[in-house]
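# Fold and geometry: a report
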Amino acid sequence: MSIPAIDLMTALRSGHSTSPRLTWYGPDAERVELSGRVLDNWVAKTSNLLQDELDAEPGMRLRLDLPAHWKSMVLALAAWQLGMEVVLDSADAELLATGSPEADPQGGFDAVIAVPLPALAMRWPGELPPGVVDFAAEVRSHGDVFMAHQDPEGSQRAIVSAAGTSHPHTELLEGFAATHDTGVRLLVRAGDGLEQALVQSLGAWQNGGSVVLVHPDVSVTEKLLNDERVQGD
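Since we're looking at a predicted model, the values are computed, not measured. (Residues numbered from 1 in each chain as written. Predicted model: local features only at pLDDT ≥ 70, side-chain atom pairs only at ≥ 80, totals over all residues. Heavy atoms only, no water.)

### Some remarks on the packing of helix α2 (residues 36–54) against helix α3 (residues 70–82)
- Contact geometry of α2 with α3 gives a least axis separation of 8 Å together with a crossing angle of 60 degrees. In terms of orientation, α2 and α3 fall into the oblique class. By crossing handedness, the relation of α2 to α3 is classed as right-handed. Counted together, Leu39, Trp42, Val43, Ala44, Thr46, Ser47, Leu50 and Gln51 of α2 and Trp70, Val74, Leu75, Leu77, Ala78, Ala79, Gln81 and Leu82 of α3 form the full contact between these two elements.
- When its residues are assigned to classes, the contact of α2 with α3 shows 12 nonpolar, 4 polar and no charged. (Axes fitted to C-alpha atoms, helices over the stretch in contact; angles between N-to-C directions. Helix = DSSP H or I, 4+ residues; strand = E, 2+ residues; numbered from the N terminus. Parallel < 35°, antiparallel > 145°, perpendicular 65-115°, else oblique. Left-handed = near helix turned anticlockwise from the far one by under 90°. Contact = heavy atoms within 4.5 Å. Nonpolar A, V, L, I, M, F, W, Y, C, P; charged D, E, K, R; others polar.)

So this is what it looks like as structure tokens:
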């Protein structure tokens, strides 16, 4: 069956697929711009990595021990496309994606994914604990098109908000996502946390909009707002 996350990815790679959908401003003058087609490509590769290499399937849980960042957004979308639950706190999960794999390698998880955050990182900088998957090194080898091995269940949980509200997959875009005007070009401050970044971005994307996600160390100047044509800062 189709779930809202799958429909969202279909919409992002259709229509105005070359228009920017996610623009990241990070430290060291990083600027990464992903069109709808490129964002879908990254999400498909990540879903294939989770499914084919880590045996992820609908109903499993992926904990994101990551800040708001374009790569954590990709991982969340990939998990939802698979029908998985995204975990943003310390709740139990089968899989862990983290920027600190040395802190608790394999600690109660079936698999750990190390996610280097520098924009141009092609692999994890340094040695990884045995069995830890290097996201940057592995994801590019996976297919650009995602075909699920199992149909996701819309009634299964997609996420539990910080307020304790459980959202099934069927309510991801209506109950969890924020409401935004059609075609909005939305500024999202990464310093507000990953949950808020997901809430705001899903709301923008489902209405044909796009997101400018800005790291806390980056100054949101009038030039940035004008260059990116951000609305409603």
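### Regarding the pattern of salt bridges
- Scanning all chains against the criterion turns up 8 salt bridges.
- Its salt-bridge partner being Arg31, residue Glu228 comes within 2.9 Å of it at the nearest N-O pair. You can see Glu228 sitting in helix α7 (residues 222–228) and its partner Arg31 sitting in strand β2 (residues 30–35), a full 197 residues away along the chain.
- Relative accessible area serves as the criterion here: at 41%, Arg31 is assigned to the partly exposed category.
- With a shortest N-O distance of 2.6 Å, Glu228 and Arg185 are connected by a salt bridge. Of this pair, Glu228 sits in helix α7 while Arg185 sits in strand β10 (residues 185–189), and the two are 43 residues apart along the sequence.
- Given a relative accessible area of 5%, Glu228 falls into the buried group.
- Owing to a relative accessible area of 9%, Arg185 belongs among the buried residues under this scheme. (Salt bridge = Lys/Arg side-chain N within 4 Å of Asp/Glu carboxyl O. Buried < 20%, exposed > 50% of the residue type's maximum accessible area, 1.4 Å probe, protein only.)

### A few points about the nonpolar core
- Leu50, Trp80, Leu202, Trp205 and Leu213 are the most contacted members of the largest nonpolar core, which totals 63 residues.
- For this core, the element with the most residues is α3, which contributes 10 residues.
- Discounting chain neighbours no more than four positions away, the residues touching Leu213 are Leu22, Thr23, Trp24, Tyr25, Ala68, His69, Trp70, Met73, Val188, Ala190 and Ala197. (Core = buried A, V, L, I, M, F, W, Y, C linked by side-chain atoms within 4.5 Å.)

### Notes on the packing of α3 against helix α6 (residues 194–205)
- At a minimum axis separation of 11 Å, α3 and α6 run at an interaxial angle of 65 degrees. Relative to α6, the element α3 is oriented roughly perpendicular. Read as a crossing pair, α3 and α6 show a hand that is right-handed. Here α3 contributes Ser72, Met73, Ala76, Leu77 and Trp80 to the contact with α6, which in turn contributes Leu194, Ala197, Leu198, Ser201, Leu202 and Trp205.
- Its residues placed into classes, the contact of α3 with α6 shows 9 nonpolar, 2 polar and no charged.

### A closer look at unusual backbone geometry
- Within the chain, Ala29 stands out as a residue other than glycine whose phi angle is a positive 60 degrees.
- Structurally, the position occupied by Ala29 is in the loop between β1 (20–26) and β2.
- Although it is not a glycine, Arg229 adopts a positive phi angle of roughly 55 degrees.
- The exposure class of Arg229 is exposed, given its relative accessible area of 66%.

### Some remarks on α2
- Along its 19 residues, α2 runs 26 Å from first to last C-alpha, staying within 8% of the 27 Å computed at 1.5 Å per residue.
- Asp55 occupies a position one or two residues after α2 and carries a positive phi of about 60 degrees. (Expected span 1.5 Å × (residues − 1).)

### A look at the sheet that holds β1
- The strand order β2-β1-β11-β10 describes an open sheet built from 4 strands, whose pairing is mixed. The open sheet is flanked by β2 and β10, the only strands paired with a single partner. When the angles between neighbouring strand axes are averaged without regard to direction, this sheet yields 15 degrees.
- When β1 meets strand β11 (residues 210–214), the two strands line up parallel, connected through 4 bridges. Across the sheet, residue Thr23 finds its bridge partner in β11, namely Val212.
- In the packing of α3 onto the sheet, contacts are made with β1, β2 and β11, and the angle to β1 comes to roughly 140 degrees. (Pairing = 2+ DSSP bridges.)

### A look at the packing of aromatic side chains
- One pass over the full model with this rule turns up 2 aromatic pairs.
- Seen in terms of ring centroids, Trp42 and Trp70 are 5.0 Å apart; in terms of plane orientation they differ by 80 degrees. Their pairing is edge-to-face. Taken together, the residues span a long stretch of sequence, with Trp42 in helix α2 and Trp70 in helix α3 at a distance of 28 residues. Just as Trp42 is buried, Trp70 falls in that class too. (Phe/Tyr/Trp six-rings, centres within 6.5 Å; stacked < 30°, edge-to-face > 60°.)

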